[in-house]
Amino acid sequence: MSLLAARCKAIRRIQASEPEKAEAEIFSKLVAYTSEQAHSSVERAALIGGVMMRNVPTDDSYAVKGDMLKKMVEEDKAAGLIPFYFCATLGTTPSCAFDHITELGPICNEENLWMHIDAAYAGSAFICPEFRPLLNGIEFADSFNFNPHKWLLVNFDCSTMWVKKRADIIGAFKVDPLYLKHENQESGLVTDYRHWQIPLGRRFRSLKLWFVFRMYGLKGLQAHIRKQVDLAKEFESLVRADKRFEICAEVIMGLVCFRLKGSNELTQNLLKKISKSREIHLVPCQLSGRFVLRFAICARTTESRHVQQAWRHITQLTFELLQEEPSH
């Protein structure tokens, strides 16, 4: 939705100053940007929007910095393209990295790039004051999204989105046939959300969010987040204490990225054993060409004993694997 709104806004802005330019000509030159670590949904947005999407390289912590985006934007403008959109990520899917939005935001504002922030997983943690510095730079964003169903105890699906200027969204999606008109639509008394989204109707997702807020309260939800971060730190300490393993990214929230030292094949074989055992479930990723395992703590009922049990299981399977592959 944010990419389509940004596309509409960019075309209208350019046509306002250069009315002789056809929409098709502008459309063909639009280019969007996102991190090479961004979720596949960002790439899918570009496919739906029919625009070019360029992946911005990340630093050693797998985060996008301002200088790299600036360089790519200047190159594309020199080539006659029209940069119009950047999707920053706070808490990337592979490693929970945080793009440097304090650097990226001013660049986006200066270059007329719509900055959308995808905080699908990590956004829930911003209810805790200690994580709020990671939001510094949010004032530059045009839109922001996070998914309460990922880490805020709300069942699937529930995704929240803010936009800085509602007119930008409504302007992109408003279609108003006679059979959908009603007497209150221009009064300001009723917000008609069919102009805010792709579907015509919507389910009452906010109700289940309200129930969770009422049941847990702010302190209860903060305690839930903090407990799971502590459990991730506990698992990290177990990994670091075992010389056969290495931590592959900074542990900031409830995700631990780790692997067996050695070849990618070795860690791949360990994952096969873990999956075959059906005791725990791990999803892999690739970081700097390395095959990495992701230990994500999200379930409400997870306790320290579950983390300890999972680690014992992993180390037992590791022992069996290394017995089978003595060269390692």
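Residues numbered from 1 in each chain as written. Predicted model: local features only at pLDDT ≥ 70, side-chain atom pairs only at ≥ 80, totals over all residues. Heavy atoms only, no water.

An unreviewed UniProt entry lists the chain under the name Aromatic-L-amino-acid decarboxylase, from Pleuronectes platessa. According to UniProt, the comment filed for the chain under the heading Sequence similarities (unreviewed entry) is "Belongs to the group II decarboxylase family." Quoted verbatim from the Pathway (unreviewed entry) heading of the UniProt record, the comment on the chain is "Catecholamine biosynthesis; dopamine biosynthesis; dopamine from L-tyrosine: step 2/2." (UniProt positions renumbered as here; feature names shortened; annotations may be inferred.)

Student: A description of the UniProt feature "modified residue: N6-(pyridoxal phosphate)lysine" (unreviewed entry) in the chain should follow, citing residues and the corresponding values.
Tutor: According to UniProt, the feature "modified residue: N6-(pyridoxal phosphate)lysine" (unreviewed entry) maps to Lys-150 in the numbering used here. Secondary-structure assignment places Lys-150 in helix 6 (residues 148–151). Apart from the residues lying within four places of it in its own chain, the contact partners of Lys-150 are Ala-120, Tyr-121 and Cys-298. (Helix = DSSP H or I, 4+ residues; strand = E, 2+ residues; numbered from the N terminus. Contact = heavy atoms within 4.5 Å.)

Student: Describe in detail the sheet that holds strand 1 (residues 30–35), supporting the description with residues and values.
Tutor: Spatially, six strands are ordered 2-1-3-4-5-6 in an open sheet, and the strand pairing comes out mixed. In this open sheet, the two strands that pair with only one neighbour each are strand 2 (52–56) and strand 6 (160–163). Across the sheet, the axes of successive neighbouring strands diverge by a mean angle of 20°, strand direction being ignored. Strand direction decides the pairing type here: strand 1 and strand 2, joined by five bridges, are parallel. The partner of Thr-34 across the bridge, within strand 2, is Asn-55. Across the sheet, helix 1 (residues 2–17) touches strand 1, strand 2, strand 3 (82–89), strand 4 (114–118), strand 5 (143–146) and strand 6, and the angle it forms with strand 3 is around 155°. (Pairing = 2+ DSSP bridges. Axes fitted to C-alpha atoms, helices over the stretch in contact; angles between N-to-C directions.)

Student: Please give an account of the pairing of strand 8 (residues 255–260) that cites residues and values.
Tutor: Among the six residues of strand 8, six are classified as buried, and the element is accordingly described as predominantly covered. Sheet analysis places strand 7 (residues 245–247) next to strand 8, joined by three bridges and oriented antiparallel. Within strand 8, the position partnered with Glu-246 by the bridge is Arg-259. Judged from the four bridges that link them, strand 8 and strand 10 (residues 290–296) form a sheet pairing that is antiparallel. The residue of strand 10 that forms the bridge with Leu-255 is Ala-296. (Buried < 20%, exposed > 50% of the residue type's maximum accessible area, 1.4 Å probe, protein only.)

Student: So what's going on with the sheet that holds strand 7? Which residues, and what values?
Tutor: The antiparallel open sheet is built from four strands, whose spatial order is 7-8-10-9. Among the strands making up the open sheet, the edge pair consists of strand 7 and strand 9 (283–287). Taken pair by pair, the neighbouring strands of this sheet meet at an average axis angle of 40°, ignoring direction. Set on the sheet, helix 8 (residues 205–240) makes contact with strand 7, strand 8 and strand 10; between it and strand 8 the angle comes to about 15°. Its contacts with the sheet place helix 10 (residues 304–324) against strand 7, strand 8 and strand 10, and it is angled at close to 15° to strand 8.

Student: I'd like to hear about the packing of helix 8 against helix 10, residue by residue, with values.
Tutor: Running from N to C, helix 8 and helix 10 point in directions that differ by 30°, and their axes come no closer than 10 Å. In terms of orientation, helix 8 and helix 10 fall into the roughly parallel class. Considering only the axes of helix 8 and helix 10, their crossing is right-handed. Between helix 8 and helix 10, the contacting residues are Leu-231, Glu-234, Phe-235, Leu-238 and Val-239 on the first element and Ser-304, Val-307, Gln-308, Trp-311 and Ile-314 on the second. Partitioned by chemical class, the residues of the contact of helix 8 with helix 10 number seven nonpolar, two polar and one charged. (Parallel < 35°, antiparallel > 145°, perpendicular 65-115°, else oblique. Left-handed = near helix turned anticlockwise from the far one by under 90°. Nonpolar A, V, L, I, M, F, W, Y, C, P; charged D, E, K, R; others polar.)

Student: Break down the nonpolar core for me, citing the residues and quoting the values.
Tutor: Counting residues in hydrophobic clusters, the biggest one holds 50 residues, and the most contacted among them are Tyr-33, Leu-69, Phe-86, Ile-117, Phe-126 and Met-253. Per element, the largest residue contribution to this core is five residues, and it comes from helix 8. Ignoring any residue separated from it by four or fewer positions in sequence, one finds Leu-69 in contact with Tyr-33, Val-56, Phe-86, Leu-104, Ile-107 and Cys-108. Counting 28 residues, the second largest nonpolar core, distinct from the first, contains Ile-247, Phe-258, Leu-282 and Ala-310. (Core = buried A, V, L, I, M, F, W, Y, C linked by side-chain atoms within 4.5 Å.)

Student: Pulling in residues and values, what's your account of helix 3 (residues 40–49)?
Tutor: Residues of helix 3 that are buried include every one of Val-42, Ala-46 and Gly-49, and no others. Seen from one end, helix 3 has its buried residues packed into an arc of 70°, which puts them on one side. Relative to its buried face, helix 3 has exposed residues pointing more than 90 degrees away, namely Glu-43, Arg-44, Leu-47 and Ile-48. On its buried face, helix 3 sits against helix 1, helix 2 (23–29), strand 1, strand 2 and strand 3. (Arc of directions from axis to C-beta.)

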